[in-house]
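Results of the structural survey
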Amino acid sequence: MSANFISVFTLFGVNQNRVALGRSIAYAVDTLKKFQHNNSKWPAHYPSVQRVVEAPSLARSQSSGAEGAHSPFPMQRSAISQSDIDSPQQAATTTTPEPRLVTPQIAQEFNVLKLDLKLGALSPSELVHSLEKSSIASLLDGKISQSIKHLSALRERIDDTASKVLVTGDLNAGKSTFCNALLRKKVLPEDQQPCTSIFCEVLDARDNASVEEFHAIPIDGPAYDRNDESTYDVYPLEKLEEVVVENDRYSQVKIYVEDARSVGQSLLRNGVVDIALIDAPGLNLDSLKTTAVFARQEEIDVVVFVLSAENHFTLSAKEFIWNAAHEKAYIFIVVNRFDNIRDKARCQRLILDQVASLSPRTHQDAKELVHFVSSNAVIDGEDTAKCQEFDKLEQSLRRFVLEKRARSKLAPAKTYLLNVLEDLETLAEVNKEATSAELSKVRDELDKIAPEFEKSVKARTEVSENVDGSIDETCTTVYKHARKAITGTISRLDERSPVKYDGIFSAYAFAEATKNAMLEKVQDSVTASEGFARTQTAEGVARIGSMGLLHLGNEYVEKAFRPEYMFSRKKDLLSKSIKTQINAFDFFDFDKQEKVAGMSLSLTVATVAGGQVFGISSWVDGLWKATSFLGPKTTKKLIVPAIVIAGVAGAIFLISDIPNAVPRKLAKKIRGELEEMDYVHSNSERITKECRKVLGFPADELRAAFHKSIEKQGTTIDGKKKTEKESEVAFKYFGGLLKDATSQKKSVMGLDLEGPAVAL
C-alpha cells in the first residue's frame, strides 16, 4: 500500500474525528461563556494549591487514554520558580501559603485557567491569593476570554485542511539552516549572527502560480491577501536576506519556493495537504519577538523546536515548551549541530532527561520525535552519514505531519480541550463545595440575626413608649412644681415687706420699692422653678441615655447635655409686663370693713379715754351724761371739738398704717393683674415646653439610632437573603457544570483520534 494512499486514508479518519471534536469545542466555548456570565454575577472562588513543591519531574503525568489528555509538568509552574528547579532540596521545603480570601484548595495546579502573576519576591500563588475576590474573578474572566479565543482558533485550525509547522528555538540555534535543509536549497539567510528578525513563512510556489518570490507584509497593514497586491510588497528571493536581517518595516514575509523533489520526498509538495513552514525569530532575541512567537502558537499545528547541542534547553526554551504543553503533548525536537559534540552519548542522555521532564509524551516517542542532526551538512551533501540521519528526521516529520495527523492536527486541540474541561471540572467542584458551605453559613447567620432583628423592632417600640412616658412624667412634675411655687409666692406678696419705711415723706419711694420687691419676689420664684426644671431635665436626659446604652450599646452615641443653656434666650421680665401704677389711694386702705374697724377703734380709744377721765362707760352714755351735766348749749359747743379730735385721731391712724396699707394695696393690684395675665399658667407652661423641647432632642436621637440600627440589621438580612438566593442558584449551576464537564471530558477522552470516529 503506497504512502499517499495511507495518508489519504488517514486524512479521511481525521475528517471523521474532526467533526466530533469540533462539537466538543463548541460545547466548551458555550460553557465558558456561560461561566463568564455567572462569574460576573457571582464571583467564582479560585482555589489554592495545598502541597509541598517538589523538583520538576513527571510531577503531573498526563492522563491515560488518547493523545495527551492532560498537559505535563508545565502546569505546575505557577508555584515553582527557576531557583526551585535548579535546587530541588530547597524546593522540597517550600510550601504554598494559605490564601487570605480564596479558601478552597486543590491538589494540583490548573492547566489553562491558571492565574500566573509575578511581582517582586511574591510567588504567583501568593500574589493571586493576596488579591480581593472581585479582582481574582476579574483576572479569571480575562483568562476565560483568552481560552475562548484559543478554542475558536483551534476550531478554525482543525477545520483547515492545511498544516502550519512552526520552526522555533533559541537565538542562533540553526533554525534557518534546518529549514533550508528541509527544502534542500538555501532560501533563508544563514549566519553566525542572528539573521531572522521577522516571521518567514515558506509555502509551495504552486500556491503563487508557480512563481518563486516573497511577499513582505507591512507592520500595521491590512490583512494579507495574495490576490490583493495592496496588502504586501513583492520582492525576488535574492532580496530576502536584505529584508529579514534588519527590518523595522515588515511584520512577516510569505516565501513561495519550488521543491523539485517527488511528493514522496518533499514536505511542502506532499500530494496530501498544504504545508506552511514558518521560521520564527529566536526566542531570546528580544521580549517583544518572544511574545510574538508565544502568541502564534494558537494558529500552529506542529512545533519543531530546534536547540543547539552545545547549549541544551535554556530558560527561554523551557518557558516556551511549558507554554506549548497547554495543548501540544507532542513536540518535534531537533538537536542541531550534533557534529560539534565529542561525547555524543552523554549529550543525548542529558537532553533526553530534560525532554522527559518538560514533555513526557514526547520522551515516550523519542525515536520518532527527538533527532540529533547536523543540518549544515545536508545541503552540501558531502557527509553521507549525516545526510542519512537527516533523511530519517525528515521522514519522521513527514509521518508526524501527514500520516499521524491525529497527533499533529487534532491532538493539540484535544489536549487543550481536555485541559479546559478539567479546569472547568475542578472549578465547578470547588465552587459547588464553596457555595454549599456559604449557603449553610448564610442560613446559620440568618437563623441567628433574624430573632435579634425582631427583638430590636420590639425593643424600639417599648423604648419609644418608655421615653414618651418619662418625658410626660418629667414635664408633669415640672409644671406642678412651677405652678405651686409661683402661686404660693404671689399669695404671700403682702406679707412682711423687706423694704424699710422711713416716714411719710418717703412714702412714695417706699411704695415704689415695695412694688419692685414684690415683682422681684415673683420673678425669683419663676427663676427657681426654671432651676428645678433644669435638674429634672438633666435627670430625664440621663434616663434616655441609659436606655440607649442599654439597648444599642456602642451604636448609641450620647451627646453632652448643657442644662445652663436652658431658658437663656427667653427671659421672663415681669417688670416690663406689669402695668400697675402707684397713686394716693395705694397709701390708705379704705376698704369698707377695714374702715369701720378703724373708726370703731378710734371711737373706742376716745371712749376709753373719756371714761377714764369722766367715769363714763361708753361714748353714747357719756354724751347723755355730759348733756345732762353741762346742759344742751354747752354740749353743742363741745361736739365739734370732739369730732375734730376724733378725725385727727383717725388721720393719725391712717398715716401710721401706711407701711401696712401699701403692701396690701399693691399686692392686691399685682395679684389682680397677674391673674388677668394668667401669669402662673403661662410661665408654668413655658417652663414645661422648654423641658419637653430639650428632652425631645435625645429622644429623637435615640429613635434615630434605633431606626439606623434596625435599618442596618434589615439591610444585613436583605443582603444575607440575597446571598442565600444567589448561593442557591450558584450551587445548582456549579452542580450542573460539574456533571456536564465530567461527562464531556469522559467523552473527549474516549475519542480515539487514530482509530474510527466516535460520536460525542
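Residues numbered from 1 in each chain as written. Predicted model: local features only at pLDDT ≥ 70, side-chain atom pairs only at ≥ 80, totals over all residues. Heavy atoms only, no water.

1. A word on a negative patch on the surface
A cluster of acidic residues, Glu 156, Asp 160, Asp 207 and Asp 274, forms a negative patch at the surface. If you trace the backbone, Asp 274 turns up in the loop between β7 (250-257) and β8 (275-279). (Patch = residues over 30% accessible without salt bridge, like charges linked within 9 Å, V, L, I, M, F, W, Y side chains within 5 Å. Areas by Shrake-Rupley, 256 points an atom, 1.4 Å probe, with all protein chains shown as cover. Salt bridge = Lys/Arg side-chain N within 4 Å of Asp/Glu carboxyl O. Lys, Arg positive; Asp, Glu negative; His and termini not counted. Charge placed at Lys NZ, Arg CZ, Asp CG, Glu CD. Helix = DSSP H or I, 4+ residues; strand = E, 2+ residues; numbered from the N terminus.)

2. Here's the deal with the nonpolar core
In this structure, Phe 178, Val 253, Ile 255 and Val 304 are the most contacted members of the largest nonpolar core, which totals 44 residues. Of all the elements, helix α14 (residues 384-403) adds the most residues to this core, at six residues. Leaving out residues up to four positions away in the same chain, Ile 255 has contacts with Val 187, Leu 188, Cys 200, Glu 201, Val 202, Leu 203, Glu 213, Phe 214, Leu 237 and Leu 240. Listed in part, the 40 residues of the second largest apolar core include Ala 44, Val 112, Leu 115 and Ala 428. (Core = buried A, V, L, I, M, F, W, Y, C linked by side-chain atoms within 4.5 Å. Buried < 20%, exposed > 50% of the residue type's maximum accessible area, 1.4 Å probe, protein only. Contact = heavy atoms within 4.5 Å.)

3. What to know about α14
Between its terminal C-alpha atoms α14 stretches 27 Å, which fits the 28 Å expected from 20 residues at 1.5 Å a residue. Of the positions making up α14, those classed as buried are Cys 387, Phe 390, Leu 393, Glu 394, Ser 396, Leu 397, Arg 398, Phe 400, Val 401 and Leu 402. (Expected span 1.5 Å × (residues − 1).)

4. A closer look at unusual backbone geometry
In this structure, Asn 172 takes a positive phi of about 60° despite not being glycine. Here Asn 172 is to be found in the loop between β3 (163-169) and α6 (175-183). With relative accessibility at 28%, the residue Asn 172 sits in the partly exposed group.

5. Some words on the packing of α6 against α14
Contact pair α6 / α14: the axes reach a minimum separation of 11 Å and the direction vectors enclose 85°. Put simply, α6 runs roughly perpendicular to α14. Here Phe 178, Ala 181 and Leu 182 of α6 lie close against α14, whose contacting residues are Phe 390, Leu 393, Glu 394 and Leu 397. Taken together, the residues of the contact of α6 with α14 break down into six nonpolar, no polar and one charged. (Axes fitted to C-alpha atoms, helices over the stretch in contact; angles between N-to-C directions. Parallel < 35°, antiparallel > 145°, perpendicular 65-115°, else oblique. Nonpolar A, V, L, I, M, F, W, Y, C, P; charged D, E, K, R; others polar.)

6. Here we look at the pairing of strand β4 (residues 199-204)
Counted residue by residue, β4 has six buried out of six residues, so it is predominantly covered. Pairing geometry for β4 and β7, over six bridges, is parallel. Note that in β7 the partner of Phe 199 across the bridge is Gln 252. In this structure, β4 lies alongside β8, joined through three bridges in antiparallel fashion. What sits directly across from Glu 201, in β8, is Ile 278. (Pairing = 2+ DSSP bridges.)

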